[in-house]
Every structure is written in C-alpha cells, then in structure tokens.
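Fold and contact review
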Amino acid sequence: MFTGIIEEVGTVRSRVGGELVIECSEINEDTQLGDSIAINGVDLTVRSMDDHSMTFDVMPETFRRSNLGDSQAGDRVNLERSVRPMDRLSGHIVRGVVETTCELVSMTPEADALIVRYRPDPDYLQYVLMKGPVCLDGASLTVMAKDEDTFSVSLVQYTQEHTNLTSRKPGDSINLETDIIARYIEQLLDARSAGSTGSTS
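Residues numbered from 1 in each chain as written. Predicted model: local features only at pLDDT ≥ 70, side-chain atom pairs only at ≥ 80, totals over all residues. Heavy atoms only, no water.

Some points on the nonpolar core
Formed by 20 residues in total, the largest nonpolar core has its most connected members in Tyr-118, Val-134, Leu-136, Phe-151 and Val-153. When neighbours within four sequence positions are excluded, Leu-136 is seen to be in contact with Cys-102, Tyr-118, Leu-141, Phe-151, Val-153, Leu-165, Ile-174, Asn-175 and Leu-176. One finds Val-12, Val-58, Leu-68 and Leu-79 within the second-largest nonpolar core, a separate group that totals 18 residues. (Core = buried A, V, L, I, M, F, W, Y, C linked by side-chain atoms within 4.5 Å. Buried < 20%, exposed > 50% of the residue type's maximum accessible area, 1.4 Å probe, protein only. Contact = heavy atoms within 4.5 Å.)

This is the structure we're talking about:
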C-alpha cells in the first residue's frame, strides 16, 4: 500500500523486454530486495539494486494498462516506497494498481497553482468523485472539477516541484488509479441489488 506522496523523481535508465531499470538515490535508503516501489503509481518489486539504481520485472498486462509501456531512457518517473504501519497517511490509500491511463488535456496557471485537466475513459470517470481522491502517475490529488468527459486537479507549488506532472504535455498518457472506496461501495450496492432481484417471497 502507498500514500501517493512522491518521495523522489527518478529517471528511466533502460527498458528492455520486461526489465525496467530506474536511476534513483533517495529511495534506495532502507530498501531491500523484494520490497515494493510505486513507479508512476505502479506497484513493482525490486529485483536488484545498487546505490544509484533499481531493477524491476514488469508483466505485459502492466505495460498494457499503464504508461510504463511507452517509457524510454531519460523519462522522469515518480517514485514512492510502500507505506509502513508507523507512517503518517498524508495522502490517501493507494493500492499501486493502475487501472488505466487518461489523457492530459490542458494546464492552466492560477496564481501559484496549476489547474490540470485530464480525460479518462468514461468507464473510469464514474469513479472520479468531486472533492474525492485520485492518483495520477502515483501522486495523490483531490478532484476540484468534473464535467461529462474530463476532471481537473490543482497542483500546488510543492507538487509542481517534486513530481513529474508538470513535465508532461497535452496528449500524454497519465496513469490513473481511482478511489478504491467508491469501487467498494459500488460492488456492495450491486451485490445487494442482485440479491434483492433474486429473492423470492
């Protein structure tokens, strides 16, 4: 589990087949082989590491559902170590399971903030709730606006400076993980509805 609070912005060193090598240094501290690291919000397991990089194995399904399949040497990626029981949950509950990607539509300055608008597939937009949490490339953010086919978030200066989100451009694919609580509620209501429909008197 993760919080969506980015600890370091690393760099893709190489992607060959299912092997992904990330240059990093800050998150290497206290990290062990087999630990979970979120890369652009994707939960991956450390296969090998040294003081300046980590190597991960990525499944084809993960490449299909995330923007890691488009990653190239030199790309900047958001990194976060898995949360520990004693850590503060400063962001929100993030599984590290990227459901899909969404398209970056626009970036609009607003004082010191930056309003960023994204277009997801309609099947996933229903789980993006006004004032609710959303995880974009692994960063925990709050939905500030939503219309029929897009939603927007506001990036404060700290987020602008400590994630890769401002290095993106319109048309780029951004990893999306929606609110797990909204999904749980939907499943419970669907199960209750199905039970009511199937009951007899």
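Once you've had a look at it, read on.
A short note on the side chain of Asp-172
Position of Asp-172 relative to the elements: it lies in the loop between α3 (157-162) and β12 (173-177). If near-sequence neighbours (up to four positions away) are discounted, Asp-172 is found in contact with Cys-102, Glu-103 and Leu-104. (Helix = DSSP H or I, 4+ residues; strand = E, 2+ residues; numbered from the N terminus.)

Observations concerning the sheet that holds strand β2 (residues 19-23)
A barrel is described by the order of its strands in space; here six strands give the closed sequence β1-β2-β5-β4-β3-β6, paired in antiparallel fashion. The mean inter-strand angle of the sheet, taken between neighbouring strand axes irrespective of direction, is 45 degrees. Here three bridges tie strand β3 (residues 36-39) to strand β6 (residues 76-81), and the two strands are oriented antiparallel to one another. Residue pairing across strands places Ala-38 opposite Glu-80, the latter belonging to β6. (Pairing = 2+ DSSP bridges. Axes fitted to C-alpha atoms, helices over the stretch in contact; angles between N-to-C directions.)

Some points on unusual backbone geometry
Most peptide bonds are trans, and most residues other than glycine sit at a negative phi. The residue Asn-40 is not glycine, and still its phi comes out positive at about 50 degrees. One can find Asn-40 in the loop between β3 and β4 (42-49). What makes Asn-40 buried here is its relative accessible area of 2%. Backbone geometry at Ala-111 places phi at a positive 55 degrees, although glycine is not the residue there. Along the polypeptide, Ala-111 turns up in the loop between β7 (100-110) and β8 (113-119).

Describing the pairing of strand β11 (residues 151-155)
Note on strand geometry: in a regular strand, side chains alternate between the two faces of the sheet. Counting buried positions over the five residues of β11 gives four, a clear majority of the element. Summarising the sheet, β8 and β11 pair through five bridges and their orientation is antiparallel. Following the sheet pairing, Val-116 is matched in β11 by Val-153. Where strand β10 (residues 139-146) hands over to β11, the hairpin turn is made up of four residues, counted between the paired strands.

Examining the layout of surface pockets
Size it by volume and the largest pocket reaches roughly 410 Å³. What lines the largest pocket is a set of 17 residues, and nearest its centre among them are Glu-7, Arg-81, Ser-82, Arg-84 and Asp-87. Class assignment for the residues of the lining of the largest pocket results in three nonpolar, five polar and nine charged. What the second largest pocket holds in volume is close to 300 Å³. If you trace the second largest pocket, you find 13 residues lining it, with Asp-70, Asp-75, Arg-168, Asp-172 and Ser-173 closest to the centre. (1 Å grid on protein atoms, 1.4 Å probe; cavity = no way out; pocket = protein on both sides within 12 Å on 5 of 7 lines; lining within 4 Å. Points joined across faces, edges and corners; volume = space filled by probe spheres on them. Nonpolar A, V, L, I, M, F, W, Y, C, P; charged D, E, K, R; others polar.)

Here's the deal with a nonpolar patch on the surface
On the surface, Met-1, Leu-89 and Ile-93 cluster together into a nonpolar patch covering about 280 Å² of accessible area. Relative to the assigned elements, Leu-89 resides in the loop between β6 and β7. (Patch = residues over 30% accessible without salt bridge, like charges linked within 9 Å, V, L, I, M, F, W, Y side chains within 5 Å. Areas by Shrake-Rupley, 256 points an atom, 1.4 Å probe, with all protein chains shown as cover. Salt bridge = Lys/Arg side-chain N within 4 Å of Asp/Glu carboxyl O.)

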